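Coordinate analysis (summary)
Here are the chains, one letter per residue:
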Amino acid sequence: NATGLSASFLSNIDDLMAKANTYRMSVYFTFFNGNDLKDQFGKVLPSGATIKNFVNDSTARTAVLNNVIGTFATRYKNNTAVFGYDLINESNIGADNGGYTWANMRTFGQQAASKIHSVAPGTQVTMSTQWLQAFDPGNFSGSYGGLGFDFYDMHSYVDSPNLENVSSMG
């Protein structure tokens with residue numbers, strides 16, 4: 001289970017945030033990548049520790065929420081350079097490839113958004129997807145709706161995307 005963030009990692013992020021503030025830039029942090037998590041869960045580290053599936057395992061999830069996400073959001077809660085947080089980049093991929101279940105991904109998303117909002121009120125939170133239909137009214141409540149997100153982030157990698165009109169998506 002995650003026990004915290006290293007001092008050198010936090011020092012590097014502090015430096016990044018100082019530069020972002022100096023140059024009046026905003027930073028959009030991503031905690032995890034949905035496509036990579038499946039390959040990391042179960043991996044044995046040089047210390048002998050095994051990375052637990054914090055999306056599916058509630059004990060491991062609590063450790064990540066408290067010792068990683070909550071710690072990070074608390075540290076930068078008053079920093080105006082923070083645009084927001086993407087909990088899991090393209091989270092649908094991790095659910096689709098068997099890294100975690102859709103239900104557990106939704107639980108993680110809701111709990112992480114709640115954690116950030118409790119320690120850093122007003123901070124924007126989302127969990128991105130590359131699945132346009134996730135925001136369609138027919139799929140919405142079963143995908144990303146009702147989780148406490150402040151905005152929705154969908155990625156498209158084609159030069160001429162076939163995007164729906166926002167007004168048609170409820």
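See above for the structure.
Residues numbered from 1 in each chain as written. Predicted model: local features only at pLDDT ≥ 70, side-chain atom pairs only at ≥ 80, totals over all residues. Heavy atoms only, no water.

**A few points about the pattern of salt bridges**
Scanning the entire structure with this criterion turns up two salt bridges. For R75, the salt bridge goes to D14, with nearest N and O atoms at 2.6 Å. With R75 in helix α3 (residues 58–75) and D14 in helix α1 (residues 7–22), the pair connects residues that are 61 residues apart, well separated along the chain. On the basis of relative accessibility, which here comes to 30%, the residue D14 falls in the partly exposed class. Salt-bridge contacts for K19 lead to D15; the nearest nitrogen and oxygen are separated by 2.8 Å. Note that K19 and D15 are positioned in helix α1 at a spacing of four residues, about one turn of the helix. Judged by its relative accessible area of 41%, D15 is partly exposed. (Salt bridge = Lys/Arg side-chain N within 4 Å of Asp/Glu carboxyl O. Helix = DSSP H or I, 4+ residues; strand = E, 2+ residues; numbered from the N terminus. Buried < 20%, exposed > 50% of the residue type's maximum accessible area, 1.4 Å probe, protein only.)

**Quick look at the layout of surface pockets**
Space left empty within the atom packing is revealed by a probe, the size of a water molecule, rolled over the atoms. By volume, the largest pocket is sized at about 500 Å³. Taken together, 19 residues make up the lining of the largest pocket; nearest its centre are A2, F32, I51, K52 and F54. Those elements that provide at least two residues to the lining of the largest pocket are β1 (27–33), α2 (34–40) and α3. A breakdown of the residues in the lining of the largest pocket according to their chemical character gives 12 nonpolar, five polar and two charged. (1 Å grid on protein atoms, 1.4 Å probe; cavity = no way out; pocket = protein on both sides within 12 Å on 5 of 7 lines; lining within 4 Å. Points joined across faces, edges and corners; volume = space filled by probe spheres on them. Nonpolar A, V, L, I, M, F, W, Y, C, P; charged D, E, K, R; others polar.)

**Focus: the nonpolar core**
In this structure, F32, F54, I69, Y85, L87 and F108 are the most contacted members of the largest nonpolar core, which totals 39 residues. Listing elements by their share of this core, those giving two or more residues are α1, β1, α3, β2 (82–89) and α5 (102–119). The leading source of residues in this core is α3, at seven residues. Excluding its chain neighbours within four sequence positions, the residues that come into contact with F108 are F32, F54, V55, R61, V64, L65, I69, L87, I88 and M127. (Core = buried A, V, L, I, M, F, W, Y, C linked by side-chain atoms within 4.5 Å. Contact = heavy atoms within 4.5 Å.)

**Focus: the sheet that holds β1**
Taken together, three strands build an open sheet; the order of strands is β1-β2-β3 and the sheet is parallel. Looking at strand neighbours, the two that pair on one side only are β1 and β3 (124–126), the edges of this open sheet. Taken over all neighbouring pairs, the strand axes of this sheet differ in orientation by 15 degrees on average, direction set aside. In this structure, β1 lies alongside β2, joined through six bridges in parallel fashion. When the bridges of β2 are listed, N33 appears paired with N89. Packed on one face of the sheet, α1 meets β1 and β2 and runs near 150 degrees to β1. Relative to β1, α3 is tilted by about 170 degrees, and along the sheet it contacts β1 and β2. (Pairing = 2+ DSSP bridges. Axes fitted to C-alpha atoms, helices over the stretch in contact; angles between N-to-C directions.)

**Digging into α1**
The α-helix winds at 3.6 residues per turn, so residues separated by three or four positions along the chain end up facing the same way. The terminal C-alpha atoms of α1, which comprises 16 residues, lie 22 Å apart, in line with the 22 Å expected from a rise of 1.5 Å per residue. The inward-facing, buried residues of α1 contact β1, α3 and β2. One or two positions beyond α1, positive phi appears at R24, with a value near 50 degrees. (Expected span 1.5 Å × (residues − 1).)

**With respect to the packing of aromatic side chains**
Summed over the entire model, instances satisfying the criterion amount to 19 aromatic pairs. Seen in terms of ring centroids, F31 and F72 are 5.6 Å apart; in terms of plane orientation they differ by 80 degrees. Their pairing is edge-to-face. Placement of F31 in strand β1 and of F72 in helix α3 is noted, with a sequence separation of 41 residues between them. Per residue, the accessibility class of F31 equals that of F72, and both read buried. Measuring from centroid to centroid gives 6.1 Å for W102 and Y144, while their planes differ by 80 degrees, and the two rings are edge-to-face. (Phe/Tyr/Trp six-rings, centres within 6.5 Å; stacked < 30°, edge-to-face > 60°.)

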